Amino acid sequence: MIPCRSPLCRRLDSPGCSRKNSVCQYQVSYGDGSFTFGDFSTETLTFRRAQVPRVALGCGHDNEGLFVGAAGLLGLGRGGLSFPSQTGARFNNKFSYCLTDRTASAKPSSVVFGDSAISRTARFTPLIKNPKLDTFYYVELLGVSVGGAPVRGISASLFRLDPTGNGGVIIDSGTSVTRLTRPAYVALRDAFRVGASHLKRGPEFSLFDTCFDLSGLSEVKVPTVVLHFRGADVSLPATNYLIPVDNSGSFCFAFAGTMSGLSIIGNIQQQGFRVVFDLAGSRVGFAPRGCA
């Protein structure tokens, strides 16, 4: 356990202290309303044959929300107490993960730390720092193409990180659906609707406003979608943006708009790519078919 007066305890955003035994306590809340509360401690973690001593972590006593029976939560952000930040020297400030489609794949997702995390086939884009918010991985999105043509109405200015720390685009494994600032989303959605006008439209579903009734079809042609980051064009498989929402052939375009200035590349769009975080080189890369 970590004492309340420890410098490590003071590194928490909102440290607490147990009156009973003067042990440092943490509390973390997430965007979906989930939260975890408990004792702040250090532990030796073992990954196969690699031991990592004195890793600061939370021992949760009250974990509520959408954790769905998970045994724990590994913080992979840029904050000072995240796992990559604490173990950067041990793993050369490099890690990667590949998220499989949990509804259609028997293969497990994976995370790799160290030099072996770097994929030879990855296309890299520079990481951008936001001095106002050091937790997120910001990248520069220049535009989006649908059906091989750049979407009119989407420009880099819609995704720019301004001097006050607002706006920008982040890569986030903890957000499901990619959310684009509203004008960019509307332009993307409308371009996709035009390209998919041969498909039978279906009712809206949850946050998705562009859905299709594909029941009875064994093969469907849909427009391609490419994200244009600085230095890296990422061509998404159709399964990463047209997803089933029921068992009767309803599929929806898996993007959404946000009234916030912050755009988020979510985990549905990352599925099947090995997403490589080369923090030593201040870059993030995408390797297609990276889960093998």
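Residues numbered from 1 in each chain as written. Predicted model: local features only at pLDDT ≥ 70, side-chain atom pairs only at ≥ 80, totals over all residues. Heavy atoms only, no water.

Visitor: Looking at this structure, I do not really get the overall build of the protein. What am I missing?
Guide: A count of helices and strands for the protein gives four helices and 22 strands. Against the 2.2 N^0.38 benchmark of 19 Å for 292 residues, the protein shows a C-alpha radius of gyration of 21 Å, consistent with a compact globule. By its C-alpha atoms, the protein is 65 × 40 × 40 Å across when sized along the principal axes. Taken over 292 residues, the protein has a buried fraction of 43%. The long-range share in the protein, meaning contacts at least 24 apart out of those at least 6 apart in sequence, stands at 59%. As displayed, the protein offers around 16000 Å² of accessible surface, 51% of which is attributable to carbon and sulfur atoms. Distance between charge centroids for the protein: 7 Å, based on 30 positive and 20 negative side chains. (Helix = DSSP H or I, 4+ residues; strand = E, 2+ residues; numbered from the N terminus. Rg over C-alpha atoms; globule rule 2.2 N^0.38 Å. Buried < 20%, exposed > 50% of the residue type's maximum accessible area, 1.4 Å probe, protein only. Contact = heavy atoms within 4.5 Å. Areas by Shrake-Rupley, 256 points an atom, 1.4 Å probe, with all protein chains shown as cover. Lys, Arg positive; Asp, Glu negative; His and termini not counted. Charge placed at Lys NZ, Arg CZ, Asp CG, Glu CD.)

Visitor: Just checking my understanding: could you explain empty space enclosed by the protein for this structure?
Guide: Where empty space is left becomes clear once a probe the size of a water molecule has been rolled over the atoms. Using the criterion set out here, one finds two cavities of 30 Å³ or more in the structure. What the largest cavity holds in volume is close to 50 Å³. Taken together, Leu 227, Phe 229, Val 234, Leu 236, Ile 265, Gln 269, Gln 270, Phe 273, Val 275 and Phe 286 make up the lining of the largest cavity. For the lining of the largest cavity, a count of residues per class yields eight nonpolar, two polar and no charged. When its volume is computed, the second largest cavity comes out at roughly 50 Å³. Forming the boundary of the second largest cavity are Pro 84, Thr 87, Gly 88, Phe 91, Asn 93, Lys 94, Phe 95 and Phe 113. Tallied by class, residues from the lining of the second largest cavity come to four nonpolar, three polar and one charged. (1 Å grid on protein atoms, 1.4 Å probe; cavity = no way out; pocket = protein on both sides within 12 Å on 5 of 7 lines; lining within 4 Å. Points joined across faces, edges and corners; volume = space filled by probe spheres on them. Nonpolar A, V, L, I, M, F, W, Y, C, P; charged D, E, K, R; others polar.)

Visitor: Before we go on, may I ask you to explain the pattern of salt bridges in this structure?
Guide: Pairing between side chains of opposite charge can happen when their charged atoms approach one another. With the rule as written, the count across this model stands at seven salt bridges. With its nearest N and O atoms 3.1 Å apart, the salt bridge here joins Lys 94 to Asp 115. With Lys 94 in strand S5 (residues 94–98) and Asp 115 in the loop between strand S6 (110–113) and strand S7 (123–126), this residue pair connects regions lying 21 residues apart in the sequence. Exposure remark for Lys 94: the relative accessible area of 21% places this residue in the partly exposed category. Classification of Asp 115 as partly exposed rests on a relative accessible area of 44%. Within this structure, Arg 189, Asp 190, Arg 193 and Asp 209 form a network of salt bridges that share partners. (Salt bridge = Lys/Arg side-chain N within 4 Å of Asp/Glu carboxyl O.)

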